[in-house]
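Working through the structure, step by step
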Amino acid sequence: MTMLFNTENSFAQNIEENIQKNVSLETFNTFRFSYCAEYFAIADSLDSLKVLLAWAKHFEKHITVIGGGSNLLISADIPGLVIINRLTGIQAREHSGNFVSLTVAAGENWHQTVEHTVQQGWFGIENLALIPGTVGAAPVQNIGAYGVEVKDVVTRVQVVDRETGDVYWINANDCGFAYRDSHFKGKWKDRYIITSVEILLKKQAELLLSYGGLINQIHGEADLLSVFNAVCQVRSEKLPSPDKLANAGSFFKNPIISVAQHDELKTSFPQLVSFPFNGEYKLAAGWLIDQAGWKGQKYLGVGVYDKQALVLVNYTERTAKALLELEVKIKSTVFDRYGVKLEREPVQLPCTREIV
Ligand SMILES: Cc1cc2nc3c(=O)[nH]c(=O)nc-3n(C[C@H](O)[C@H](O)[C@H](O)COP(=O)(O)OP(=O)(O)OC[C@H]3O[C@@H](n4cnc5c(N)ncnc54)[C@H](O)[C@@H]3O)c2cc1C
């Protein structure tokens, strides 16, 4: 097999040791489901990633890339090669005036990156503190919290083409960023692996405090550190840490509905929690699930988190069966009551069609 790669690369020379067979993914997904990868490897450099791509191409193996596994619903063993992205490195370039651009390798931890920028006094991603996972996955679903989305700061994304191994940069404007969505989750899903993300931050204060009661958590003057600390505080009170209780954060997206449907619903349910959104309305999915009586409910070894109905948790299950059943039950109760279809946020692996 080594002959396949005409290279000095030591990762390639030891390819048999670097690719393992039938590896449990239990510690590589925050739901802690214990399915296996048929083949498994960790890429800690661009070169090793390219070698893995060449291997997969040669042996016609499908590739699945995982970062922190915090937005995954693994529901069966994954055929082909699972690559864990651990590419590291951060470079900062200060521009004259107000800006600093940061190039961060895809395997860096997102929260630690936010912490680093706060320590440096750079503004822009402090509201996105404590979101689990890697930097490379952040553009995939355009992570967001407290009124900020990663698309607000991303300028370019570096990718490697799975088929050719070519590496190039894609401008943020071409990435199809939308609410919890991008081309990386859609039409480019099987085409690119993100290897690096460039973000543009500000050196002068620009804080966004108007979302999620953030302002009430800040005592005294609001500054970069106090906002970062407030976000961490609110999130740790409201969301279960995957280290203590297995979960993948919000299990459903907030549904977006037309003005007409919204007005009708508001008449029947005056307490409906909704926000104007691009000429339509975004509903708080957590409120719908809570009002439908699901908050804190358990079903077999899984359940709906008692402090935030948007989060489904896994207490004891080793497979996704009970969770998938609970998902169907919640979707159907919410649809029967409100006529609103809930859509799942985490990505199902191996890829299958979602039952709506
Ligand atoms: C407690 C908790 C709170 C959360 N809060 C939020 C929140 O506030 N806002 C929010 O938006 N999300 C939130 N999430 C979801 C999750 O943290 C984010 O979606 C995060 O970006 C996922 O990163 P990851 O590295 O774990 O991705 P993974 O779960 O490993 O992967 C997610 C998807 O991205 C793909 N992918 C991963 N890396 C790459 C890459 N380098 N190139 C191409 N594709 C890739 C995977 O194949 C998969 O399809 C939360 C999750 C948890 C558990």
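It should be emphasised that the depicted structure is a prediction, and the values quoted were computed from it without experimental measurement. Think of each chain on its own: its residues are numbered from 1, step by step along the sequence as written. Local features in this predicted model are restricted to residues whose pLDDT is 70 or higher, and side-chain atom pairs enter the listing and the counts only when it is 80 or higher, whereas totals over whole chains, interfaces and linings include all residues. Side-chain metrics rest on all non-hydrogen atoms present in the structure, leaving aside hydrogens and water.

Considering the pattern of salt bridges
Salt bridges are defined as contacts in which a side-chain nitrogen from Lys or Arg sits within 4 Å of a carboxyl oxygen from Asp or Glu. Applying the stated criterion to the full structure yields 14 salt bridges. The closest approach of N and O atoms between glutamate 26 and arginine 318, which form a salt bridge, is 3.7 Å. With glutamate 26 in the loop between β1 (20-24) and β2 (36-43) and arginine 318 in the loop between β19 (311-314) and α8 (321-338), this residue pair connects regions lying 292 residues apart in the sequence. Between buried and exposed lies partly exposed: a residue is buried under 20% and exposed over 50% of the maximum accessible area for its type, with that area taken using a 1.4 Å probe on protein chains only. Since its relative accessible area comes to 51%, arginine 318 is described here as exposed. Via salt bridges that share partners, Glu149, Lys151 and Asp152 belong to a single interconnected network. For helices the rule is a DSSP run of H or I covering at least 4 residues; for strands it is a run of E covering at least 2, with both sets numbered from the N terminus onward.

Side note on the environment of serine 226
The topology assignment puts serine 226 in helix α5 (residues 224-238). By relative accessible area, serine 226 is classed as buried at 19%. Between the C-alpha atoms of serine 226 and valine 334, which are 108 residues apart in sequence, the distance is 38 Å. Under the rule applied, a polar contact is a pair of N or O atoms within 3.5 Å (in protein, one hydrogen donor and one hydrogen acceptor; residues adjacent in sequence only if both atoms are side-chain atoms). Separated by 2.8 Å, the side chain of serine 226 and the backbone nitrogen of aspartate 223 make a polar contact.

As for helix α3 (residues 46-58)
Here a helix's expected span is defined as the number of its residues, less one, multiplied by 1.5 Å. Over its 13 residues, α3 runs 18 Å from end to end, which matches the ideal 18 Å to within 8%, given 1.5 Å per residue. Just downstream of α3, glutamate 60 is the residue with a positive phi angle, here 55 degrees.

A word on α8
In this model, α8 (18 residues) spans 26 Å end to end at C-alpha, consistent with the 26 Å of a helix rising 1.5 Å per residue. Within the span of α8, buried status applies to Ala322, Leu323, Leu326, Glu327, Ile330, Lys331, Val334 and Tyr338. Down the axis of α8, the buried side of the element spans an arc of 165 degrees, and every buried residue falls inside it. Exposed and facing more than 90 degrees away from the buried side of α8 are Lys321 and Asp336. At the C-terminal side of α8, glycine 339 shows a positive phi close to 65 degrees. Directions are taken from the helix axis to each C-beta atom, and the arc is the one they span.

Overview of the site of the ligand
Any residue with at least one heavy atom within 4 Å of a molecule or strand is counted as near it. In the region of the ligand, 33 residues are neighbours, and Val65, Gly67, Gly68, Ser70 and Thr134 sit closest. Side-chain polar atom of threonine 134 to an oxygen atom of the ligand: 2.7 Å apart, as the coordinates give it. Within the side chain of arginine 235, an N or O atom sits 2.8 Å from a nitrogen atom of the ligand. Shrake-Rupley sampling with a 1.4 Å probe provides the accessible areas, and residues are treated as covered by the protein chains on show and by no other component. Computed on the free molecule, the ligand has an accessible area of 980 Å², of which 93% lies beneath the protein chains in the complex. Looking at the shell around the ligand, the elements with two or more residues in it are β3 (63-66), β8 (144-145), β12 (192-202) and β13 (246-250). Residues are sorted three ways: Asp, Glu, Lys and Arg are charged, Ala, Val, Leu, Ile, Met, Phe, Trp, Tyr, Cys and Pro are nonpolar, and all the rest, Gly among them, are polar. Across the shell around the ligand, the residue classes tally to 17 nonpolar, 13 polar and 3 charged.

Some thoughts on the UniProt feature "active site" (unreviewed entry) in the protein chain
UniProt positions are given in the numbering used here, feature names are shortened, and annotations may be inferred rather than shown by experiment. The residues that UniProt annotates with the feature "active site" (unreviewed entry) are Arg180, Ser250 and Glu345. The annotated residues occupy 166 residues of the chain but converge on a single region, no pair of C-alpha atoms lying more than 11.0 Å apart. Residue class for serine 250 comes out partly exposed when judged on its relative accessible area of 25%. Serine 250 has contacts with Leu310, Val311, Glu345 and Pro346, leaving out every residue within four places of it along the chain. Note that glutamate 345 resides in the loop between α8 and β20 (347-349). Here, residues are in contact when the closest pair of their heavy atoms is within 4.5 Å. Discounting residues that sit within four places of it in the chain, glutamate 345 has contacts with Asn71, Gln141, Arg180, Lys185, Ser250, Phe251, Phe252 and Lys253.

What about the UniProt feature "domain: FAD-binding PCMH-type" (unreviewed entry) in the protein chain?
Taking the UniProt record as the reference, the feature "domain: FAD-binding PCMH-type" (unreviewed entry) is found at residues 32-204. With 14% helix and 36% strand, residues 32-204 has its two end C-alpha atoms placed 41 Å apart.

Here we look at the sheet that holds strand β15 (residues 274-277)
Remark on secondary structure: sheet strands pair via backbone hydrogen bonds, oriented parallel or antiparallel. Strand order in the open sheet made by the 3 strands is β14-β16-β15, with antiparallel pairing throughout. Edge strands, defined here as strands with exactly one partner in the open sheet, are β14 (256-257) and β15. Bridge analysis of β14 against strand β16 (residues 280-283) gives 2 bridges, and the strand direction is antiparallel. For isoleucine 257, the partnering residue across the bridge sits in β16 and is tyrosine 281. Across the sheet, helix α6 (residues 259-268) is in contact with β14, β15 and β16; its angle to β16 comes to roughly 50 degrees. Pairing between two strands requires that DSSP report at least two bridges joining them. Helix axes use the C-alpha atoms of the stretch in contact, all axes being lines fitted to C-alpha atoms, and the angles between their N-to-C directions lie in the range 0 to 180 degrees.

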